[in-house]
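The residues making up each chain are set out below.
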Amino acid sequence: MDGNFKISLQADDKKLEFNFIGMRSQLVEIGNQTSLNVTMKENTEQLDEVVVTANAIEREKRTLGYAVTSVDGEEVDRVKSTNFLNSLSGKVPGVQISQASSNPGGSTRIVIRGTNSLSGGNQPLIVVDGIPVSNTNVSTGSGIQGAFDAGNGAGEINPADIASVTVLKGASAAALYGSRAANGAIIITTKRGKSNDGPKVSINSSVRFEKPNRLPSFQNKYAQGFHGKYDKNSENGWGPIINGQVVPMYDFYSDTANLPESQWPLQTLSAYPDNVKDFYQTGSLFINSIDVSSATEQGDYRLGFTSMNQKGIVPGAGLDRYTFAVNAGHKLNKVISSRVGMNYVQSQIRGSVSQGGNSPNVLTSIINGIPRTTPLERLQLVDGEQNPIGRFSNSPYWVAEKNGNDVNVNRFFGFGMLEAKATDWLTFRGRAGLDYRVDKRFTKSAKGTLGAINGSFSNDDMERTELTTSLMATIQKDFGEKFKLTAIIGHEYNQRVFKRNTLSASELSVSDLYTPTNAKNTISTTDFVEQRLLGLYGDISLTYNNYLTLNMTMRNDWSSTLPKDNRSYFYPSASLSFIFSEAFEIHNDFFSYGKLRLSAAQVGNDTSPYQLDYYYYPRSSYFGQYGTSNNYPFNGQTAYGATNVIPPENLIPERQNSWEIGTELSFFNGKIGVDFTYYQIETKNQILAVPTPESTGYNTKRVNAGAVQNKGIELLLSFVPLKTSAFEWNSLINFTRNQNKVTELIEGLDKLQIASGFNGVSVQAVPGESLQLQGVGFKRADSGEILVDPNTGLRMQGDEETFGEIQPDFLLGFQNSFTYKGVTLNFLIDWNQGGKMISRTVGDLRFDGLAEETAVNREQSFIDRNAYIQSSDGNVRPNDIAVSHQDYWQAYSSSGIAEGVVFDKTYVKLREVSLAYTLPSSIVQKSGFIKTVSLGFEARNLWLIYSKIPHIDPETSLFQSASDASGAVEMGSLPSTRSFGGNIKLVF
């Protein structure tokens, strides 16, 4: 297009307005001229102005009165991950991403603008092509008893199928999705076919290799034993200096046969510095995808297939996931059009590792506890049998190869839609969506496992069905030249059904045969949960002169989980967008664009099903001391148990009130951009189970109580530091600071437990504070000094203390992109400042004398200079009692005292690196059928630049992604991984 055209004017026409996509509108005086030459200037507002908001409604970003951030599908898929949420880390202001586990297929937690509810469920709603899909993370077992991470629902959404991700942060943005989007919404639009000359075929292949990102730093100077003396049965590092001594070696056969020590095998003491490192293998991730797409005036289609094959860093662990996707649309006639989207996912996780404690299968604790003098070769399986590390710890190869956890998932989610354009201003849209997921899990402890010597297994089968239907009418009409009205009215119906069948079996007769008939004891349980939500909503948007937009929404929900008199709840929202640069015609080389945003919203929320009455359920077993536990039926009698929660009286919905104000600014013709938001959210009438006196016969009572406030700022800065005809440098900085505070609890309750860990460690909601990490601290004097026992010189157990907030002080992401001709380099740095966590892994390494710091000056006596001695009159003086290093570290890192292993969670990571080269079209086109060829390098979690926590990755966690305490406690967690590799993309 050369821009030349002719137009006929009336005699009284005096001005002519020029408009073009991506250019700034210009109004030109005609006068007596018959020919005009107009040079239009680039509009520095982003060209991808249309974003997908609630209920798949497309809106111009300029008209939105609330903060919305969009991430392009190419950005999501640039450095590939088995869970697409990981690709949002550090890229969206107000969003906190944490990967709970490095197990293949492990879960990832996402929270927008902090923790709002004390009863859980603080993750946003996930929506694919207008249909809500499940993002549940249901645990098999508990972290305290060695649970494993089976992943979350969002991980099964294929990144290769994503066209864009829009993050709706506040209640205003997500109001039309109702109570389920009280914590925001992640809106995913999948790829469609685009118009081109015939079908387009794209092939993308990626391979990456994985290594542990951070392993503990071990001492390699001392053998196992106690206070410098060798003990073959010990699993620690408190023995003598390793100096080539010939000593008895631990041997399981000799031990169980009670052979005299003279008949045990001998070994020459030597350190094996890499005996932990060498256990972990090099993992791999192969992702291959192919899609075929095309479009005409009558319709479009896209067919996609992706295979994701991962080998974990633990022997026997892996993931195989296959995804089929279809997205097709067709115009049936001039009025009616249709669209169908279908996704089928088949996923298999094998050998997933248990984490936590109180289980013989917590692999990381076993590996880290290997004495420094034990070669890995001794722990290898021989003819399928193990030679354990010691009397209490299995061989890590036995646990990895015999006792892994398996998950098989089959999932279908999709939608069908009909749209009728009744007139040029009235449209009707009907949509139905289904998310059906079958999840089958298998866990086992093989016969011969120390701690479960006769073997056990469990089958945990879950089925989840979610049906959503909606009908919506949209009016879009202009009134004169300056007013534009968009009005929407609609309804939504949502039904969720969850079924679960669990079989637990123990005391196996035959090895490696996992059937109920091979077990002496079997326990079977079932569960069924169903809930419905019906909503009616309306949305009115009025735009004046293309720079001022007022939007109001309203929704009423009816929930099946609330009492009949209170199951209906109404909530509104309002937002205002004002583009003042256009209103006041402020356009110059310095200031390019300016917009102000203001919004306020209210949203209600319901509760889980079956909370309104006493709940009875069949019992499958009972517990008794000294081996008197047994199963039901007992002597032919069945049994039922009752919930330990007193049902609520007149329960009402939770209420969340929020408001935000923000601005979007652009300078120097788009070279500098600013997007700033301040928000405040308060959630009241929380539905909580609060402690009740034991004299009632119950543990808790469900009530409306408590309020939580979140307030904070979000800042997104964009820069183009340098741009020439051949080179371009783009930078993005996003900053988030959220302040969370529990503003009230029920009268008489000074704190509420959110989650518990080990040995009194817990996360508590305390009025006036954010969520707090609590546990037993060191004993202190009234004036605050840490005290030692005057008889031993060792620190003593004190009272329960609050160690600080689990939430970070701020989050910052720094992203850069450099493009030179066909070469593009991208990297992302992710900074988490503050927040407290407890690491039991670090504590165990120190307690056992295996951490490198425990070997420093060990031959010398040690005085704890950071502690004091208190005399009988209450005065304190500096500690001067010398102790052994073993006694000091075992008192300091005792599992009964949490304070010694509390750390600041600050870290800085090089999160992503990618380098891509696109071959020149002049070379590619010579083939005659290839249109594009791109080659690249990609890496994830390449470098832990800074961390205040020793030995572990600060992102590892005991709690899985569904827990609000995720990231606060770490124990027995598998090391995180860093990965790097290459990719190739072909387009035909």
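What counts and how
- Residues numbered from 1 in each chain as written.
- Predicted model: local features only at pLDDT ≥ 70, side-chain atom pairs only at ≥ 80, totals over all residues.
- Heavy atoms only, no water.
- Helix = DSSP H or I, 4+ residues; strand = E, 2+ residues; numbered from the N terminus.
- Rg over C-alpha atoms; globule rule 2.2 N^0.38 Å.
- Buried < 20%, exposed > 50% of the residue type's maximum accessible area, 1.4 Å probe, protein only.
- Contact = heavy atoms within 4.5 Å.
- Lys, Arg positive; Asp, Glu negative; His and termini not counted.
- Charge placed at Lys NZ, Arg CZ, Asp CG, Glu CD.
- 1 Å grid on protein atoms, 1.4 Å probe; cavity = no way out; pocket = protein on both sides within 12 Å on 5 of 7 lines; lining within 4 Å.
- Points joined across faces, edges and corners; volume = space filled by probe spheres on them.
- Nonpolar A, V, L, I, M, F, W, Y, C, P; charged D, E, K, R; others polar.
- Pairing = 2+ DSSP bridges.
- Axes fitted to C-alpha atoms, helices over the stretch in contact; angles between N-to-C directions.
- Phe/Tyr/Trp six-rings, centres within 6.5 Å; stacked < 30°, edge-to-face > 60°.
- Salt bridge = Lys/Arg side-chain N within 4 Å of Asp/Glu carboxyl O.
- Polar contact = N/O pair within 3.5 Å; in protein donor to acceptor, adjacent residues only side chain to side chain.
- pLDDT = per-residue confidence, 0-100.
- Core = buried A, V, L, I, M, F, W, Y, C linked by side-chain atoms within 4.5 Å.

### What about the overall build of the chain?
Then, in step 1: From N to C terminus, the chain includes nine helices and 57 strands.
Then, in step 2: Taken over C-alpha atoms, the radius of gyration comes to 31 Å for the chain, in line with the 30 Å a tight globule of 988 residues would show.
Then, in step 3: Seen along its three principal axes, the alpha-carbon backbone of the chain occupies a region of about 115 × 70 × 70 Å.
Then, in step 4: Scored against the burial criterion, the 988 residues of the chain give a buried share of 54%.
Then, in step 5: In the chain, once contacts between residues fewer than 6 apart in sequence are set aside, the share between residues at least 24 apart is 68%.
Then, in step 6: Between the averaged position of the 90 positive side-chain charges in the chain and that of its 99 negative side-chain charges there is a distance of 4 Å.

### Structural notes on empty space enclosed by the protein
Then, in step 1: In this model, the largest cavity occupies a volume close to 380 Å³.
Then, in step 2: Around the largest cavity, the lining comprises 30 residues; the ones closest to its centre are Gln-96, Ile-97, Ser-98, Pro-808 and Asn-832.
Then, in step 3: Only strand 6 (95–99), strand 7 (108–112), strand 41 (727–744), strand 46 (810–820) and strand 47 (823–833) provide two or more residues apiece to the lining of the largest cavity.
Then, in step 4: The element that contributes the greatest number of residues to the lining of the largest cavity is strand 6, accounting for five residues.
Then, in step 5: For the lining of the largest cavity, the per-class residue count stands at eleven nonpolar, 14 polar and five charged.
Then, in step 6: A volume near 280 Å³ is recorded for the second largest cavity.

### Observations concerning the layout of surface pockets
Then, in step 1: In this structure, the second largest pocket encloses a volume near 1900 Å³.
Then, in step 2: Considering the residues around the second largest pocket, the lining is formed by 43 residues, among which Ser-119, Gly-120, Gly-121, Thr-136 and Ser-608 are closest to the centre.
Then, in step 3: Only strand 8 (125–128), strand 25 (456–479), strand 26 (483–508), strand 27 (519–544) and strand 38 (687–691) provide two or more residues apiece to the lining of the second largest pocket.
Then, in step 4: Its residues placed into classes, the lining of the second largest pocket shows 14 nonpolar, 17 polar and twelve charged.

### A short note on the sheet that holds strand 53 (residues 902–904)
Then, in step 1: Pairing in this open sheet of three strands is mixed, and the strands run 53-48-56 from one edge to the other. Where the open sheet ends on each side, the last strands, each with one partner, are strand 53 and strand 56 (969–970).
Then, in step 2: Contacting strand 48 (836–839), strand 53 and strand 56, helix 7 (residues 840–847) runs over the sheet at an angle of about 45 degrees to strand 48.

### Some words on the sheet that holds strand 8
Then, in step 1: A sheet is described by the order of its strands in space; here five strands give the open sequence 5-11-12-8-9, paired in mixed fashion. Edge positions in the sheet fall to strand 5 (68–72) and strand 9 (131–133), since each has one partner strand and no second. Each neighbouring strand pair of the sheet contributes to a mean axis angle of 25 degrees, computed without reference to strand direction.
Then, in step 2: Note: strand 5 against strand 11 (residues 162–168), five bridges, orientation antiparallel. Bridged to Val-71 within strand 11 is Val-165.

### Examining the packing of aromatic side chains
Then, in step 1: Here the structure, examined in full by the defined rule, presents 33 aromatic pairs.
Then, in step 2: For the ring pair Phe-578 and Phe-584, a centre distance of 5.9 Å and an interplane angle of 90 degrees mean the geometry is edge-to-face.
Then, in step 3: Relative to Tyr-892, the ring of Phe-778 has its centre 5.5 Å away and its plane inclined at 35 degrees; by these criteria the two rings are tilted. Here Tyr-892 lies in helix 8 (residues 885–892) and Phe-778 lies in strand 44 (residues 772–778), a separation of 114 residues in the sequence. Both residues of the pair, Phe-778 and Tyr-892, count as buried.
Then, in step 4: What links up through ring pairs into an aromatic cluster is the set Phe-483, Tyr-544, Tyr-547, Phe-578 and Phe-584.

### Overview of the pattern of salt bridges
Then, in step 1: Throughout the structure, instances matching the rule amount to 47 salt bridges.
Then, in step 2: The residue Arg-391 makes a salt bridge to Asp-255 at a minimum N-O spacing of 2.8 Å. One end of the pair, Arg-391, is in the loop between helix 4 (363–368) and helix 5 (396–402); the other, Asp-255, is in helix 3 (residues 252–256), and 136 residues separate them in sequence.
Then, in step 3: Note that Arg-911 is salt-bridged to Glu-955, the shortest N-O span being 2.9 Å. You can see Arg-911 sitting in strand 54 (residues 907–918) and its partner Glu-955 sitting in the loop between strand 55 (932–947) and strand 56, a full 44 residues away along the chain.
Then, in step 4: Within this structure, Glu-156, Arg-411, Asp-435, Arg-437, Asp-439 and Arg-441 form a network of salt bridges that share partners.

### Notes on the environment of Phe-980
Then, in step 1: By the element assignment, Phe-980 lies in strand 57 (residues 977–987).
Then, in step 2: Residue class for Phe-980 comes out partly exposed when judged on its relative accessible area of 33%.
Then, in step 3: Beyond its immediate chain neighbours, meaning those up to four positions away, Phe-980 contacts Val-207, Arg-208, Phe-209, Phe-937, Glu-938, Ala-939 and Leu-942.

### Considerations on the side chain of Thr-323
Then, in step 1: Counting through the fold element by element, Thr-323 comes out in strand 20 (residues 318–331).
Then, in step 2: A relative accessible area of 5% means that Thr-323 is categorised as buried.
Then, in step 3: Beyond its immediate sequence surroundings of up to four residues, Thr-323 is in contact with Asn-158, Asp-161, Gly-304, Phe-305, Thr-306, Tyr-344 and Val-345.

### Notes on the pairing of strand 47
Then, in step 1: Two elements, strand 46 and strand 47, share eleven bridges in a ladder whose sense is antiparallel. Paired with Leu-811 across the strands is Asn-832, a residue of strand 47.

### Focus on helix 7
Then, in step 1: The buried count for helix 7 comes to six of eight residues, which makes it a mostly enclosed element.
Then, in step 2: Listed in full, the buried residues belonging to helix 7 are Arg-840, Thr-841, Val-842, Gly-843, Leu-845 and Arg-846.
Then, in step 3: Residues of helix 7 that are buried sit in contact with helix 4, strand 48, helix 8, strand 53 and strand 56.
Then, in step 4: Near the N-terminus of helix 7, the side chain that reaches the backbone nitrogen of Val-842, with its oxygen 3.1 Å away, is that of Ser-839.
Then, in step 5: In the segment just after helix 7, Gly-849 is the residue with positive phi, at about 70 degrees.

### Examining helix 8
Then, in step 1: Burial runs high along helix 8: six of the eight residues are buried.
Then, in step 2: Within helix 8 the residues assigned to the buried category are His-885, Gln-886, Tyr-888, Trp-889, Ala-891 and Tyr-892.
Then, in step 3: Considering only its buried residues, helix 8 is in contact with strand 14 (225–226), strand 44, helix 7, strand 49 (862–863) and strand 52 (882–883).

### A short note on the environment of Leu-550
Then, in step 1: Topologically, Leu-550 is positioned in strand 28 (residues 548–559).
Then, in step 2: Taking the relative accessible area as the measure of exposure, Leu-550 reaches 38% and is therefore partly exposed.
Then, in step 3: Sequence separation between Leu-550 and Phe-578 is 28 residues; the distance between their C-alpha atoms is 8.8 Å.
Then, in step 4: For Leu-550, the contacting residues outside a window of four places in its chain are Ile-540, Ser-541, Leu-542, Ser-575 and Leu-576.

### A closer look at the confidence of the model for the chain
Then, in step 1: Here the chain shows a mean pLDDT of 91. Residues at 70 or above account for 96%.
Then, in step 2: Note on residues 44–48: pLDDT is under 50 here. Beyond four places in sequence and across chains, it has eight contacts.

### Observations concerning the nonpolar core
Then, in step 1: In terms of nonpolar packing, the biggest core is built from 34 residues, with Leu-118, Leu-752, Val-763, Leu-771, Leu-773, Ile-838 and Val-969 touching the most fellow members.
Then, in step 2: Elements supplying a minimum of two residues to this core: strand 38, strand 42 (752–756), strand 43 (762–765), strand 48 and strand 53.

### Overview of the side chain of Arg-208
Then, in step 1: Structurally, Arg-208 can be placed in strand 13 (residues 200–212).
Then, in step 2: By relative accessible area, Arg-208 is classed as buried at 2%.
Then, in step 3: Only 2.6 Å separates the side chain of Arg-208 from the backbone oxygen of Lys-80, close enough to count as a polar contact.
Then, in step 4: Each residue touching Arg-208, except ones within four places of it in the same chain, is listed here: Val-79, Lys-80, Gly-283, Ser-284, Leu-285, Glu-938, Arg-940, Ser-979, Phe-980 and Gly-981.

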